[in-house]
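Architecture and fold: a report
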Amino acid sequence: MNVFQRQTLDNGLRVLTADMPQVQSVTCMIMLAAGSRYETPETNGIAHFAEHMFFKGTERRPTAREIGMEVDGLGGEFNAFTSKEYTGYYVKCAAEYRDRALDVLVDMLRNSKFDSEEIEREKGVIIEEMNMYYDTPRDFIGGVYDHLLYGDQPLGWEVIGRKETIRGATHETFFDYVGRWYKPERMVVGVAGRLDGKQQETIERLLGDMEPTATGSPDATVQNGKEPRVTIHHKDSDQAHLVLGVRSYPLVHPDRWALQLLSTILGTGMSSRLFTEVRELRGLAYYVYAHNQSYTDAGSLFSQAGVDISRSEEAVETIVREFRRIAEEPVPAEELEKARALAKGRFVLRLENPQGMIVFGLGREVLNDPVQEPEEVVAGLDAVAGEDVQRVAQDVIASNGLNLALIGPFEDQAAFEALLS
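Reference entry: report on the structure contained in this document. If you're wondering where the values come from, they're calculated on a predicted model, not measured in any experiment.

Quick look at the overall build of the protein chain
Scanning the protein chain from N- to C-terminus turns up 16 helices and 11 strands. A compact globule built from 421 residues would reach a C-alpha radius of gyration of about 22 Å, and the protein chain, at 23 Å, matches this within 12%. Each principal axis of the C-alpha atoms in the protein chain carries an extent, and together these give about 60 × 50 × 35 Å. A total of 421 residues make up the protein chain; the buried ones form 55% of that total. Considering only contacts within the protein chain whose residues lie at least 6 apart along the sequence, 81% involve residues at least 24 apart.

Some remarks on a negative patch on the surface
Among the surface-exposed residues, D236, E313, E317, E411, D412 and E417 lie close enough to one another that they form a single negatively charged patch. Counting through the fold element by element, D236 comes out in the loop between β7 (229-234) and β8 (240-247).

Observations concerning the nonpolar core
Ranked by internal contacts, the top residues of the largest apolar core, which has 136 residues, are Y182 and L244. With sequence-adjacent residues up to four places away left out, Y182 is seen in contact with L32, A34, F54, T87, Y89, L109, Y177 and M210.

Side note on the pairing of strand β2 (residues 14-19)
Of all the 6 residues making up β2, 5 are buried; the element is thus mostly covered by neighbouring parts of the structure. Examined bridge by bridge, strand β1 (residues 5-8) and β2 share 4 bridges and lie antiparallel to one another. Within β2, the residue paired with R6 across the bridge is L16. Taking the residues between adjacent antiparallel strands as the criterion, β1 and β2 are bridged by 5 residues, where G12 takes a positive phi near 100°. In this structure, β2 lies alongside strand β6 (residues 187-193), joined through 6 bridges in parallel fashion.

A short note on the packing of aromatic side chains
By the definition in use, this model includes 19 aromatic pairs. On the numbers, 5.6 Å between centres and 75° between planes, the contact of Y133 with F140 is edge-to-face. The exposure class assigned to Y133 is buried, which follows from its relative accessible area of 17%. Judged by centre distance (6.4 Å) and plane angle (75°), the ring pair of Y150 and Y295 falls under edge-to-face.

A word on the sheet that holds strand β11 (residues 403-408)
Backbone-to-backbone hydrogen bonds join strands into a sheet, with any given pair of strands oriented parallel or antiparallel. The strand order β7-β11-β8-β10-β9 describes an open sheet built from 5 strands, whose pairing is mixed. Since the sheet does not close on itself, it has two edges, and those belong to β7 and β9 (285-294), each with one partner. Averaged over all pairs of adjacent strands, the angle between their axes in this sheet comes to 15°, without regard to strand direction. Summarising the sheet, β9 and strand β10 (residues 299-307) pair through 9 bridges and their orientation is antiparallel. Each bridged residue has a counterpart across the sheet, and for Y289 the counterpart in β10 is Q304.

Quick look at the sheet that holds β1
On the basis of which strands lie adjacent, the open sheet formed by 6 strands has the order β1-β2-β6-β3-β5-β4 and mixed pairing. A single partner strand is all that each edge strand has here, and the edge strands are β1 and β4 (77-82). Strand-to-strand, the axes of this sheet are offset by a mean angle of 15°, without reference to chain direction. Two strands pair when backbone bridges link them, and strand β3 (residues 25-32) and strand β5 (residues 87-94) are joined in this way by 8 bridges, in the antiparallel orientation. Paired with M29 across the strands is Y90, a residue of β5. Packed on one face of the sheet, helix α3 (residues 98-111) meets β3, β5 and β6 and runs near 20° to β3. Sheet strands touched by helix α8 (residues 199-207): β1, β2 and β6. Its angle to β6, the strand with the most contacts, is close to 150°.

Remarks on the packing of helix α9 (residues 256-267) against helix α15 (residues 386-398)
Where α9 contacts α15, the axes come no closer than 9 Å and their chain directions differ by 85°. Classified by the angle between their axes, α9 and α15 sit roughly perpendicular to one another. Contacts between α9 and α15 involve A258, L259, L261, L262 and I265 from the former and D388, V389, V392, A393 and V396 from the latter.

Description of the side chain of D107
Structurally, D107 is set in helix α3. Judged by its relative accessible area of 3%, D107 is buried. With residues up to four places along the chain from it excluded, the contact list for D107 reads T58, R60, R61 and S112.

Here's the deal with α3
With 14 residues, α3 extends 20 Å between its outermost C-alpha atoms, agreeing within 8% with the 20 Å of an ideal straight helix rising 1.5 Å per residue. Summarising burial for α3: 10 of the 14 residues are buried, a large majority. When α3 is considered as a whole, its buried residues turn out to be R98, A101, L102, D103, V104, L105, V106, D107, M108 and L109. Taken together, the buried residues of α3 touch β3, α2 (64-73), β5, β6 and α8.

Comments concerning the side chain of E51
For E51, the location among the structural elements is in helix α1 (residues 46-53). No salt bridge forms around the buried E51; measuring N to O, its nearest opposite-charge neighbour K56 is 11 Å away. Once you skip the residues sitting within four places of it in the chain, E51 turns out to touch A80, F81, T82 and Y89.

Quick notes on the rules
- Residues numbered from 1 in each chain as written.
- Predicted model: local features only at pLDDT ≥ 70, side-chain atom pairs only at ≥ 80, totals over all residues.
- Heavy atoms only, no water.
- Helix = DSSP H or I, 4+ residues; strand = E, 2+ residues; numbered from the N terminus.
- Rg over C-alpha atoms; globule rule 2.2 N^0.38 Å.
- Buried < 20%, exposed > 50% of the residue type's maximum accessible area, 1.4 Å probe, protein only.
- Contact = heavy atoms within 4.5 Å.
- Patch = residues over 30% accessible without salt bridge, like charges linked within 9 Å, V, L, I, M, F, W, Y side chains within 5 Å.
- Areas by Shrake-Rupley, 256 points an atom, 1.4 Å probe, with all protein chains shown as cover.
- Salt bridge = Lys/Arg side-chain N within 4 Å of Asp/Glu carboxyl O.
- Lys, Arg positive; Asp, Glu negative; His and termini not counted.
- Charge placed at Lys NZ, Arg CZ, Asp CG, Glu CD.
- Core = buried A, V, L, I, M, F, W, Y, C linked by side-chain atoms within 4.5 Å.
- Pairing = 2+ DSSP bridges.
- Phe/Tyr/Trp six-rings, centres within 6.5 Å; stacked < 30°, edge-to-face > 60°.
- Axes fitted to C-alpha atoms, helices over the stretch in contact; angles between N-to-C directions.
- Parallel < 35°, antiparallel > 145°, perpendicular 65-115°, else oblique.
- Expected span 1.5 Å × (residues − 1).

Nothing here speaks to function; it is all geometry.
Right, here's the structure in full:
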């Protein structure tokens, strides 16, 4: 039995619902296939900036305070997020206030004023958010790695953008961006939680009159070479942060589940190989993990860690050794089953509340992922055999050069390059 019910309005806008009668709340979310990879060099950061501006006032709710007071009056919470391939806006509230929550969300996205004075004020907020991001190596290292991997193209740019772009943004900048991408074919409305079956009528009333418009697609990601590469962002600090990884698979790929278990074995949980070797046995890091990040046309399997500066080379050498070992040696059956149970358990826990459930569903729907039901994910993980993990490790790790991004007080790049060869 499917968890999600799907409908499509006449204008192409999709609606996704998940009834969870065991809860008393709902999460109403609008997600769009429009993130930072849909930007140009001149508009880099506008997707994220627009996310801020949608909360600043509409004709019916002229100020940010009035929007906030209405959501507070529902006993609700609201927020938004911007990633490289999608943007989401949501309200969580008691189930009885669902229609009012949807009305606020739609009003924000369809009728925001993008007032010039508010834009100028918010520029200062965004710049300070940037400063916080750049001053937090644990966050910023991801951007350094992405630029190393993808270079000067949207996947290699920062979601938060560039200060010049933010300072130059005007009323027209936002209307041009939203007018290009915020269209029914790129929009999915999701509602999860305690439902009464009438949410479709509300969504049709609020969004059914949007004009269907073809938007086109962003440029495809250009893949750089496979040779090992190192980049260092020099920063005087008490701890070094690093990301070491390889190119992997795009979101939709026959070996996606084997790749997920490969990532789990390497660096998910306190019994993973990297946690055991880097932290527990050698005391090189406080945090270390592995993750696979897949986009519609690219992907990377990587490890991130915050390490002792004086032992950074030892940390890199240890992580490299674990990457290569999993490609060279079969994964023991017991370790594979532990990883499978962990991956399935973490996934199931994500779906225990309405917000987790609808984020999962919309994230698949908005990117046209054919795997759209939770049971399909579990079945995919169950089907992975040990030889699949090693085959994928050989394809992804042994066939691609290692890439290393570092933040710390380092001068000698050659020493780290030698560790990757």
